[in-house]
Amino acid sequence: MTQDESTSGKSKKGRVSVAQRLQTNAQLSPRSQDDPDERETERKQMDLGKYDKATIRIIAQFLDNIGLQNSVEALVEETGFTIETSAGARIRSNIMKGNYDAACDILEQARDLPQETSQNAGYIIQCFKLADLVRKGRYFDALFTMKSMAPIVFNDESKNLEYFGSFVKHVMLGENRYQHLDSATERESQLAFLEELLPSDFILPQNRLKSILNKVHGPATDEKASKLLRDDNINTPKGPPYRQVQLLTYHNSPIYCVKFSRNGKLMASGGRSNHITIWETKNGQLRRLGELSSITEGDIGYMEFCHQNKYILVCGGAACKYNLTIFEVASRVVCRTLRVAVGHEDNLDLGTYFSCATFLTDPLTNRTRLVAGNELGALKVYDLNIDSNAPIRQQGGFRVRCLYGMKNGEFFLMVDALNRVRLYSILAEKMEGTTICKEEVTIINMTVHPSEKFVLTATEANLRLWDVRNHNLVRVFTG
């Protein structure tokens, strides 16, 4: 369309031009519909479901991000609804610029947010401001900011005291992770956190379409363009993808965990009851060998065999008071019981119990050590060759979700609450670790290939295979 055609009332075919329709409907911005009083009540809304509306908003955001503003305006004009509110767009802009006070002011004036949501989001933005001031070394300004935050904290301790204490302990007094990040990276992280608190119709998470595609195909590359256009059915097997070869009905209660030994010859199963069964695998079939010694606690949530299959450890779930118990496989009796802290039974809480552990066995000396942790900040190392339940090494602050001990007896992989898989050495002076991968969603569990070259993460969205050596995503499994 030429410039003359775009400025005339109609095109040669008699149709109203895009520019004419935009001017007629006063819908020149996809984020101009913040005030309900300014919305056009006479506009006929399209009869679309919530899913279709969400899809259109995501597409409009993608077009806006790559600069196709005219296409966005036409899409918004035709559908009659916007990507997000003007207030949400301005809050995002101010967060990325570091204008935290301006973002709080916009949040207070927003009409379409519940008061409690607005107050909580405003408090989090103040926390962002506090962290940014510390990163810049403006400690006096940070103290004045903390002073203004104090009344909010103490008026509602249940919701805000934990945030406040975290910033005082880790940002003001401890090693400050903000010192090692550039401002743009940190503000993107802050914005992502804030977007989780605010409704999606108020502010849409940035790059939502890319985020969805990344969970399916991994990071965007030109080589993966063909996967967007057509499903790859070359390797799709004909018929059912699996078949049942054996049905075991020995357990009388739900099974929460099964684990094969390192050589694949044994399997343990356990769950809600205190019965843990050992099975022998032979010719693709399982045969029951017997039960481990009866213990009083239940809810088995985690098990692992050592490399020589001499021991098996058992932990409870993340919210279960269950002592970490180590059994001898041959005799099936308890050889050791470990707990984070020892005290009177009346004072024990969930933080006193381990929820995951792994063995580390030196292949030359057969010295067996054990690394145990939980999601409440405990990480301890024990030596099973000495007759003591005292840890030989311990470190706080680790929120551990899953562990795997490597064959060399020194390194172990850990899944933490930040959705990362990290590699640590128990011989290092400080267990700082190296990040193998980081997922955008919760990592439920991980499985390590027998060669220890690959790790498979099980997330809330899919299964993702990572290369341990070069930290690259190898493959994504969905279904």
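A quick note: this is a predicted structure, and the numbers were derived from the prediction, not measured.

K.L.:
Looking at this structure, how should I read the sheet that holds strand β18 (residues 454-459)?
P.N.:
Hydrogen bonding along the main chain pairs the strands of a sheet, whether they run parallel or antiparallel. Pairing within the open sheet is antiparallel, and its four strands lie in the order β17-β18-β19-β20. The open sheet has two edge strands with one neighbour each: β17 (443-448) and β20 (473-477). Taking each pair of neighbouring strands and ignoring which way they run, the sheet shows an average axis angle of 20°. Of the pairings in the sheet, the one linking β17 to β18 comprises five bridges and is antiparallel in character. Considered in β18, the bridge of I443 is made with T459.

K.L.:
How should I be thinking about the packing of aromatic side chains in this particular structure?
P.N.:
A ring pair, where both rings are aromatic, is described by two values, the distance of the centres and the angle of the planes. By the definition in use, this model includes five aromatic pairs. The interplanar angle of 90° and the centroid separation of 6.4 Å between the aromatic rings of Y250 and W279 together place this pair among those described as edge-to-face. Here Y250 is found in the loop between α12 (225-229) and β1 (255-260), whereas its partner W279 is found in strand β3 (residues 277-282), with 29 residues between them in sequence. Ring geometry for Y311 and F359: centres 6.4 Å apart, planes at 20°, overall stacked. Linking Y311 in strand β6 (residues 311-316) with F359 in strand β9 (residues 356-361), this pair joins segments that are 48 residues apart in sequence. Residue classification places F359 among the buried residues on the basis of a relative accessible area of 0%. Clustering of aromatic rings is evident, with ring pairs tying together F398, F412 and Y424.

K.L.:
Looking at this model, I keep getting lost on empty space enclosed by the protein. Mind explaining?
P.N.:
One way to see where empty space is left: roll a probe the size of a water molecule over the atoms. Counted according to the given criterion, the structure contains two cavities of 30 Å³ or more. For the largest cavity, the calculated volume is near 50 Å³. N214, K215, E439, E440, V441, T459, A461, N462 and R464 are the residues that line the largest cavity. By residue class, the composition of the lining of the largest cavity is two nonpolar, three polar and four charged. Computed from the structure, the second largest cavity encloses a volume of approximately 40 Å³. Lining the second largest cavity, in full, are I56, R57, A60, L75, V76, T79, F81, T82 and I83. Looking at the lining of the second largest cavity, the elements with two or more residues in it are α3 (50-65) and α4 (69-79). Class assignment of the residues belonging to the lining of the second largest cavity gives a composition of six nonpolar, two polar and one charged.

K.L.:
For this particular structure, what's the right way to read the packing of α3 against helix α11 (residues 208-217)?
P.N.:
Between two packed helices, the angle of one axis relative to the other and the distance separating the axes together describe the packing. Interhelical geometry of α3 versus α11 gives an angle of 105° and a closest axis separation of 8 Å. Judged by the inter-axis angle, α3 sits roughly perpendicular to α11. Residues I58, Q61 and F62 of α3 touch α11, and the partners they reach there are R208, L209, K210 and I212. In terms of residue class, the contact of α3 with α11 is built from four nonpolar, one polar and two charged.

K.L.:
When you look at the nonpolar core in this model, what are you seeing that I'm missing?
P.N.:
The biggest cluster of nonpolar side chains holds 46 residues, and the ones touching the most others in it are L313, L324, I326, L370 and F412. Residue contacts for I326: discarding those within four places in its chain leaves Y311, I312, L313, V333, V334, C335, R336, L338, F359, L370 and L384. Counting residues in each nonpolar core, the second largest holds 22 residues, with I91, I124, M149 and F202 among its members.

K.L.:
How should I be thinking about the pairing of strand β14 (residues 411-416) in this particular structure?
P.N.:
Here β14 lies mainly inside the structure; five of its six residues are buried. In this sheet, strand β15 (residues 420-425) lies alongside β14 in antiparallel orientation, the contact comprising five bridges. Following the sheet pairing, F411 is matched in β15 by S425. Connecting β14 to the next strand, β15, in antiparallel fashion are three residues, including N419 with a positive phi near 65°.

K.L.:
Is there a simple way to explain the environment of D467 in this structure?
P.N.:
By the element assignment, D467 lies in strand β19 (residues 463-467). Since its relative accessible area comes to 8%, D467 is described here as buried. In this structure, the C-alpha to C-alpha distance between D467 and V455, residues twelve residues apart in sequence, is 6.7 Å. In this structure D467 touches I436, K453, F454, N472 and V474, once residues within four positions along its chain are discounted. Only 3.4 Å separates the side chain of D467 from the backbone nitrogen of N470, close enough to count as a polar contact.

K.L.:
Any chance you could explain the pattern of salt bridges here in plain terms?
P.N.:
Close approach of charged atoms allows side chains of opposite charge to pair. Summed over the entire model, instances satisfying the criterion amount to eleven salt bridges. The closest approach of N and O atoms between R367 and D383, which form a salt bridge, is 2.8 Å. Of this pair, R367 sits in the loop between β9 and β10 (368-373) while D383 sits in strand β11 (residues 377-383), placing them 16 residues apart in sequence. Relative accessible area serves as the criterion here: at 34%, R367 is assigned to the partly exposed category. Salt bridges sharing common partners tie together E84, R92 and E195.

K.L.:
Could you clarify how one ought to interpret the pairing of β3 in this entry?
P.N.:
A regular strand carries its side chains on alternate faces of the sheet. In this structure, strand β2 (residues 266-271) lies alongside β3, joined through four bridges in antiparallel fashion. Note on β3: the bridge partner recorded for A268 is I278. Between β2 and β3, which pair antiparallel in sequence order, lie five residues. Pairing geometry for β3 and strand β4 (residues 285-291), over six bridges, is antiparallel. Its bridge partner being in β4, T281 is matched across the sheet by L286. A loop of two residues connects β3 with β4, the two strands running antiparallel in sequence, and N283 in this loop sits at a positive phi of about 55°.

K.L.:
Looking at this structure, I do not really get the sheet that holds β4. What am I missing?
P.N.:
If you walk across this open sheet you meet the four strands as β1-β2-β3-β4, and the pairing is antiparallel. With partners counted over all chains shown, the strands left at the sheet margins are β1 and β4, one partner each. Strand-to-strand, the axes of this sheet are offset by a mean angle of 25°, without reference to chain direction.

Thresholds applied
- Residues numbered from 1 in each chain as written.
- Predicted model: local features only at pLDDT ≥ 70, side-chain atom pairs only at ≥ 80, totals over all residues.
- Heavy atoms only, no water.
- Pairing = 2+ DSSP bridges.
- Helix = DSSP H or I, 4+ residues; strand = E, 2+ residues; numbered from the N terminus.
- Axes fitted to C-alpha atoms, helices over the stretch in contact; angles between N-to-C directions.
- Phe/Tyr/Trp six-rings, centres within 6.5 Å; stacked < 30°, edge-to-face > 60°.
- Buried < 20%, exposed > 50% of the residue type's maximum accessible area, 1.4 Å probe, protein only.
- 1 Å grid on protein atoms, 1.4 Å probe; cavity = no way out; pocket = protein on both sides within 12 Å on 5 of 7 lines; lining within 4 Å.
- Points joined across faces, edges and corners; volume = space filled by probe spheres on them.
- Nonpolar A, V, L, I, M, F, W, Y, C, P; charged D, E, K, R; others polar.
- Parallel < 35°, antiparallel > 145°, perpendicular 65-115°, else oblique.
- Contact = heavy atoms within 4.5 Å.
- Core = buried A, V, L, I, M, F, W, Y, C linked by side-chain atoms within 4.5 Å.
- Polar contact = N/O pair within 3.5 Å; in protein donor to acceptor, adjacent residues only side chain to side chain.
- Salt bridge = Lys/Arg side-chain N within 4 Å of Asp/Glu carboxyl O.

By themselves, these observations are geometric and do not establish any function.
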